[in-house]
Amino acid sequence: MTSRIKFIIISLSNFATGLSSGICMFAPLICWLLWRRDNDDDVADYARRRLNTAISWFIYSAIATFIFIYISTLIGMMLLAAICLGWIYYFALDMMRAAQGDPSYEFPLTFDFLSRPTEE
């Protein structure tokens, strides 16, 4: 399987996370576990970064949902709408780059939960 196909699969798994409000966070995790020891370091790094993206945006959605339920319905609805629109927009940019075989795109507001492995 070529690197470009792997980039597209990883990007689509990341989109599945956004569609299911983080429940499908397992899709990027599975991609990362499958390809983290891949011969192509770009694929492993891309999978790690997309898993970090899924975790980060899940946290943002959880915070917005908490605000929606417990603090203010209007503010929570606006935050959730902004997160959904942002997710779709940034996914489209990521998917275009992945289809071209360019793994360099970074989602904004992503924390580095899983750091790059160090060389021994």
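The coordinates are above.
Criteria and thresholds
Residues numbered from 1 in each chain as written. Predicted model: local features only at pLDDT ≥ 70, side-chain atom pairs only at ≥ 80, totals over all residues. Heavy atoms only, no water. Axes fitted to C-alpha atoms, helices over the stretch in contact; angles between N-to-C directions. Helix = DSSP H or I, 4+ residues; strand = E, 2+ residues; numbered from the N terminus. Parallel < 35°, antiparallel > 145°, perpendicular 65-115°, else oblique. Left-handed = near helix turned anticlockwise from the far one by under 90°. Contact = heavy atoms within 4.5 Å. Nonpolar A, V, L, I, M, F, W, Y, C, P; charged D, E, K, R; others polar. Core = buried A, V, L, I, M, F, W, Y, C linked by side-chain atoms within 4.5 Å. Buried < 20%, exposed > 50% of the residue type's maximum accessible area, 1.4 Å probe, protein only.

Caption draft 1: Highlighting the packing of helix α2 (residues 26–35) against helix α3 (residues 41–71). Interhelical geometry of α2 versus α3 gives an angle of 155° and a closest axis separation of 9 Å. Taken together, the axes of α2 and α3 are roughly antiparallel relative to one another. Of the two elements, α2 crosses α3, and the hand of that crossing is left-handed. Note on element contacts: α3 touches α2 through V43, A44, A47, R48, R50, L51 and A54, opposite P28, L29, C31, W32 and W35. For the contact of α2 with α3, the class distribution of residues is ten nonpolar, no polar and two charged.

Caption draft 2: Up close: the nonpolar core. Of all hydrophobic cores here, the largest spans ten residues; its members are F7, I10, C31, W32, W35, V43, Y46, A47, L51 and A98. For this core, the secondary structure elements donating two or more residues are α1 (3–19), α2 and α3. The leading source of residues in this core is α3, at four residues. Look past the residues within four positions of Y46 in its chain and what remains in contact with it is F7, I10, S11, D94, A98 and P103.

Caption draft 3: Structural detail: the side chain of T53. For T53, the location among the structural elements is in helix α3. Look at T53 and you get buried, because its relative accessible area is 1%. Apart from residues no more than four positions distant in its own chain, T53 is found in contact with N14, W87, F107 and T110.

The values reported here are purely geometric and, on their own, carry no functional implication.
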